[in-house]
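So you can see what is in the structure, the chains are spelled out below.
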Amino acid sequence: MERRDVLKNVTLGAALAAAVPTVLAATGQAAAASEPNFGDYGAGMYADMSTAFHPSPFNLNPVLTTCAVGTTGSIPGVIGSFAMEMFSVGSLSYVVNRSARTITAQGRMRSITMLLTGIILEDIEHDFAAIGIDNRGVTADRFEMHYTTPLWNGGLLTAISTQSTFRSDWKMFGGALLSGTQGLLGPRVYLGGINVNP
């Protein structure tokens, strides 16, 4: 990696670290000074029927919320039969519900759906609601991305899409975070998590 790329990454990380507390404070969601400052964020990977059991990585924070799913191809750097990338654009509503241990991000999002190594079926901006649920390690945390686009709502992929539980006229991706165990009988380890401060 070139020096300028390293500096760019460091600068971006510092900017994000500075911006996130500011956004939370502006929306009245900043944690009290006496609470641990782990941040009200989420990141990880899930898979269930909504993604045809393909792993789906996500990020949930007030600056940029993302979700993706896809298959890999036999050619390095080229997708397989399907891929979808979703990322928020513009400002977000970011609500942390401490009693319910949930985070809800809402706003506008760009979704790009691609088939067969480069056929773009849809590239569109739309409304979305992303919901993270912090289960405090009792069970797996959960992430859900609720959205609506012509391709998934009445279009080519309607029949295989999952009905949203957030709005009856929307679709969704979502599921419990993937996990494994450390060793044969070791503790369960989750691939990421949702964190809602106490």
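Rules of the game
Residues numbered from 1 in each chain as written. Predicted model: local features only at pLDDT ≥ 70, side-chain atom pairs only at ≥ 80, totals over all residues. Heavy atoms only, no water. 1 Å grid on protein atoms, 1.4 Å probe; cavity = no way out; pocket = protein on both sides within 12 Å on 5 of 7 lines; lining within 4 Å. Points joined across faces, edges and corners; volume = space filled by probe spheres on them. Helix = DSSP H or I, 4+ residues; strand = E, 2+ residues; numbered from the N terminus. Pairing = 2+ DSSP bridges. Buried < 20%, exposed > 50% of the residue type's maximum accessible area, 1.4 Å probe, protein only.

## As for the layout of surface pockets
Inference 1: Taken as a whole, the largest pocket spans an internal volume of roughly 220 Å³.
Inference 2: Among the elements of the structure, strand 3 (66-72) and strand 4 (79-97) are those that each provide at least two residues to the lining of the largest pocket.

## Section: the sheet that holds strand 9 (residues 171-176)
Inference 1: Judged by pairing direction, the sheet is antiparallel, and its ten strands sit side by side in the order 8-9-7-6-5-4-3-2-1-12 without closing on themselves. Two strands bound the open sheet, and with one partner strand each, they are strand 8 (162-163) and strand 12 (192-194).
Inference 2: Where strand 7 (residues 142-147) and strand 9 come together, six bridges link them in antiparallel fashion. Bridging from a neighbouring strand, Glu 144 pairs with Gly 174 of strand 9.

## Quick notes on the pairing of strand 6 (residues 119-133)
Inference 1: Across 14 bridges, strand 5 (residues 102-115) lies against strand 6 in antiparallel orientation. Its bridge partner being in strand 6, Leu 115 is matched across the sheet by Ile 119.
Inference 2: In textbook terms, the turn of a hairpin is the stretch between consecutive antiparallel strands, and for strand 5 and strand 6 this stretch comprises three residues, one of which, Leu 116, has a positive phi near 50°.
Inference 3: With six bridges joining them, strand 6 and strand 7 adopt antiparallel strand pairing. Across the sheet, residue Ala 130 finds its bridge partner in strand 7, namely Met 145.

## With respect to unusual backbone geometry
Inference 1: Its identity as a non-glycine residue notwithstanding, Ala 52 has a phi of 55°, on the positive side.
Inference 2: Structurally, Ala 52 is set in the loop between strand 1 (42-46) and strand 2 (56-60).
Inference 3: Residue Ala 52 is classed as exposed on the basis of its relative accessible area of 52%.
Inference 4: Of note, Arg 101 is a non-glycine position whose phi angle comes to about 60°, a positive value.
Inference 5: In this structure, Arg 101 sits in the loop between strand 4 and strand 5.

Note that all results are geometric; they support no functional claim without further evidence.
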